[in-house]
Amino acid sequence: TKTASGRPTNVSRLPPQGPHTSPFRLNVTENNTDDGGNKIGDVTENEDRNVSSWRRSARSTETWSGFRPEGGEDASVSDQEEFHLTSSTFALTEDTAHNQAMVHWSGQNSSVILMLTKYYDFNSGRVTESSLWRSTDYGTTYEKLNEKVGTKTILSYLYVSPNNKMKIMLLTDPEVESSLLISLDEGASYQKYSLSFDILSLLFHPEQEDWILAYSHDQKLYVSVEFGRRWQLVHDNYITCKLQNCSDGNKSKPFPGFIIPNSLVVQDEYVFIQVPVGGQSVHYVSYKRNAFYPMKLPKYTLPKDLQIISTDDNQVVAAIQDWHQNDSYNLYMSESRGLFFTLMLEDVVSSGGPEGNIMIDLYEVAGIKGVFLSNKVVENQVKTYITYNKGRDWRLLQAPATDLQGNKVYCEQPYCSLHLHLHVSENPYTSGNIVSKDSAPGIILASGVVGPELTNANVSIFITSDAGNTWREVFQEEYSVFFLNQGGSLVAIRHTPLPIRHIWLSFDEGRNWDKYSFTSSPLYVDGVLGEPGEDTLIMTIFGHFSHRSEWQLVKIDFRSIFQQQCTSDDYLTWQLHNEGEVCIMGMKRIFQKLKANVRCVKARDQYISQMSDSCLCTEADFECDYGFERQIDGTCAPAFWFIHSATSRDCITGDSFLNTTGSLSNNCTEGNLLKYIPRRQKCPSQAPRGLQLFTSEGTLVATLGKNVTFLVFLEEGLGSMTSITVDFGDGTAISYVNISSIDDGVKHIYSKVGIYQVSATANNALGFDRVVLYLHVSCQLEQVQLSAPSVVIKNKAVNLTTVLQPSDVGTVTYYWWFDNKTEPVVTLSGAMPFSFSKEGTHTVTVQASVGNTVHQDQKRVAVYDYFRSHVLAFSSNLDELNPGVSEWREDIARVVKNCMVQVSSSAAELLYNLGLRMCSFSPSFCFKAPLVDSSDSGHSGTAVIMLVSVVLMGLAAFVIYKFKRYKILGTSCSTKTQGGESEIRNARC
């Protein structure tokens, strides 16, 4: 992924495991964003191209397999004369404990280097110390700037404006303080600004140097147009409108359902999102910020995963894991709009990256458009293939004719070929398994093996100077190789856990290597940094002399080797070819490159790609179009599922379409061009098919009184001659003369709750198609009340009922929970019969669900094997001062219960379990409250409250009579018992 800047991606940080292990790590940043070749299959989120990491190798007294200590080099280089380079060493004193570093080299003829070193405490998981260093002489000396930023300030990250190298931003550790420091003079001085949020990542505008987006830890987006001095919270609707320009015609979403979180991908002219429809993810694309359309894959491609790999050269390359694949992906390529995709290569190797990302073994060669390398699974073997025409044709790599010692290599295809590891380094200044540069077209260096398949054993380094046609072995062990002098020279450093003091240089595209000494004392190498763009001939090697020593920065100056500027006489021309064929993708391409062993300084504009006239078109210049498949004879034939006119939106919105011949041209002219180019013809008359109906939100629930937008899509049919009728199911319908009239959807408001059958019908002279959905229209549920008897008989069914407010809210689902059972009883009715099988107190809970709203109520029910009940009578004037609220009735119930408790202790327990509550009163009578089961029980009659004896009933009547004698409010009640007289204070009688 290519980004202007962002938060560094951290690999796992492990504490030291022994005397030979060190957790040092080097992060490198620079101001130039394009470093040439891209491992385009390394798909990550928020990965920074300019700030990346190098993990220091574990040190060991043992050599790695295939490696030898210094003095035991390959025979091809060990006997050569040793040259000395101009170098200087600077130690970052007082930073011995620091185990991480971030480096920024301004580049573009600037001599400033900034370095932030940190100590990361693996136990606490945070940075506890930091130092800021600055060099103004290309790294010869450094000044410590801790006093300028604050001696107690702990810095965590370093950012640089991609448009103005003078503007530097430092973030403090949010665990200590949330602030940032800004420099406008290339890091010489800083001003601190406090933040009201903690920054998780930053994104700089590609053109406006002061515009920055910040994403916080609490998932909020902020924007600054003053290079971080002031921040403003950005609202979601602002982002949506920005994306689609917020015209009246596209404010509504052009797809059904919600966007899957984290599915948004913005690359160059393309915007990609995913939307769930019918249990599957549908991928949409917008080209040049226009309307979104679903991406068209071959019909029976059912992707489990889709990764956008590349959007270069106005085409989209996507890796898709089909339903039957586990460790491999298929590659697909689109036309310019990113809509229609054709198969590029099957069964490409995939693996998991260190940050949980997906890595696809596909490498785009830098400097030459259309050349890709990929590792493909063939009969359980991994083999490397190359294409020169964007995946139209692939072939195996030819193995070198001889090995490093000059011995003949016997390797016959397809049983034997060259296979390469295609992983690149996360750090643009530490070499990975494969590397190429825009400034050195045709040169590719990679680690690999010769044999029947790719393995990790006996790995060597190979180089090609003609873009993969022929290869040479240059090292029989692993090296990191870097480009120097705009790709005119190569620098190699051995991959080894041992300290080293030599590097190797080649001035003839890797045919010969000279050994140079860059330090007097062997150095454990942690990373290599060259100036961005390789404009100058200065390189810095970072490392340590011992496990506990401070950082050592060794500056190497190659200018003594290159003593003059290159002229036109120092160059020769080289023509790209594929096994001798010079017409590739319809064109001949000629490049300039330095002659072998010429040691002159290349200028940035001195690597020139010259392109000749287009070639005459042949069959090899055409790719198969969407819906067509390559045959054995090389022709393109339609797949069994493909219908020419069905894929063209022109036949939905117009009368004619471009009828493809099955082939897409590259850049050729004349010749067989007319044979393959599409021809415009009238759309065939056919009945409408594939009619689809959705709501704009992708749900089947709507709110009463609010607009519902219905979207109608037609896959096949002559749109200009097909009418559309939408019936909303409430007695209203609307018709349109053609489907293009409803691109923005059809809006409708429902006035009543209910379930509506909504249908859309497409009609033309040849037939019709109809689709139906059922829409649930509801209003907001405010409350549910459960009504249940307080006392029931064991094993006898009782009715549990509910009351909703408001009463008519649409379709309601009820969940009934009894005691501590983990599974509810689900009904669509607000009433249900139930019988309790055990005596005791039971809890009944009901939940009412409408749309996204759920309310609940709960009651306690006492269950007995046998009881008698009597009606409790009240005087008619008790309700005269009833305010009509439940609390008043509850207070009356409490007074009655407390008075009865004074009469009998047995009644106290009984009434406590009963949970006595009073009903609503009228001036003349009392409505029966559902306190007990009032059905015929075989015992005594209707029960409102249970009394255990006639004596207790008499005492209760006496208490009620006493209530009548006192004032309604603020008085006290008393009852006489055998033990004397007791009072109930502050009762409301």
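Relevant structure appears above.
Residues numbered from 1 in each chain as written. Predicted model: local features only at pLDDT ≥ 70, side-chain atom pairs only at ≥ 80, totals over all residues. Heavy atoms only, no water.

1. Some thoughts on the pattern of salt bridges
A complete count under the given rule lists 15 salt bridges for this structure. When the shortest N-O distance is used, the salt bridge between R392 and D393 registers 2.7 Å. What makes R392 buried here is its relative accessible area of 18%. Three or more residues joined by partner-sharing salt bridges are found here, namely K167, E209 and D210. (Salt bridge = Lys/Arg side-chain N within 4 Å of Asp/Glu carboxyl O. Buried < 20%, exposed > 50% of the residue type's maximum accessible area, 1.4 Å probe, protein only.)

2. Some details on the sheet that holds strand β56 (residues 733–736)
Read from one edge to the other, the open sheet built from five strands follows the order β53-β59-β58-β55-β56, with strand pairing classed as mixed. The strands lining the two open edges of the sheet, one partner per strand, are β53 (701–703) and β56. Each adjacent strand pair in this sheet contributes to an overall mean axis angle of 25°, direction not counted. When strand β55 (residues 723–727) meets strand β58 (residues 754–764), the two strands line up antiparallel, connected through five bridges. In the sheet register, V726 faces β58, and the bridge partner there is A760. (Pairing = 2+ DSSP bridges. Helix = DSSP H or I, 4+ residues; strand = E, 2+ residues; numbered from the N terminus. Axes fitted to C-alpha atoms, helices over the stretch in contact; angles between N-to-C directions.)

3. What to know about the nonpolar core
Ranked by internal contacts, the top residues of the largest apolar core, which has 30 residues, are L132, L180, Y190, L202 and W231. The greatest single-element share of this core, amounting to five residues, is contributed by strand β10 (residues 155–160). (Core = buried A, V, L, I, M, F, W, Y, C linked by side-chain atoms within 4.5 Å.)

4. Thoughts on the sheet that holds strand β62 (residues 798–805)
Strand order in the open sheet made by the three strands is β60-β62-β65, with antiparallel pairing throughout. Only two strands of the sheet have a single neighbouring strand rather than two, namely β60 (783–787) and β65 (831–834). Between one strand axis and the next, the sheet turns through 20° on average, direction left out of account. In this sheet, β62 lies alongside β60 in antiparallel orientation, the contact comprising five bridges. Each bridged residue has a counterpart across the sheet, and for L786 the counterpart in β62 is T802.

5. Quick word on the side chain of K859
Looking at the secondary structure, you find K859 in strand β67 (residues 853–864). Take K859: its relative accessible area is 15%, and that puts it in the buried class. At 3.1 Å, the side chain of K859 and the backbone oxygen of L786 are in polar contact. A polar side-chain atom of K859 sits 2.9 Å from a polar atom in the side chain of D857. (Polar contact = N/O pair within 3.5 Å; in protein donor to acceptor, adjacent residues only side chain to side chain.)

Such coordinate-based values are descriptive only and should not be taken to indicate function.
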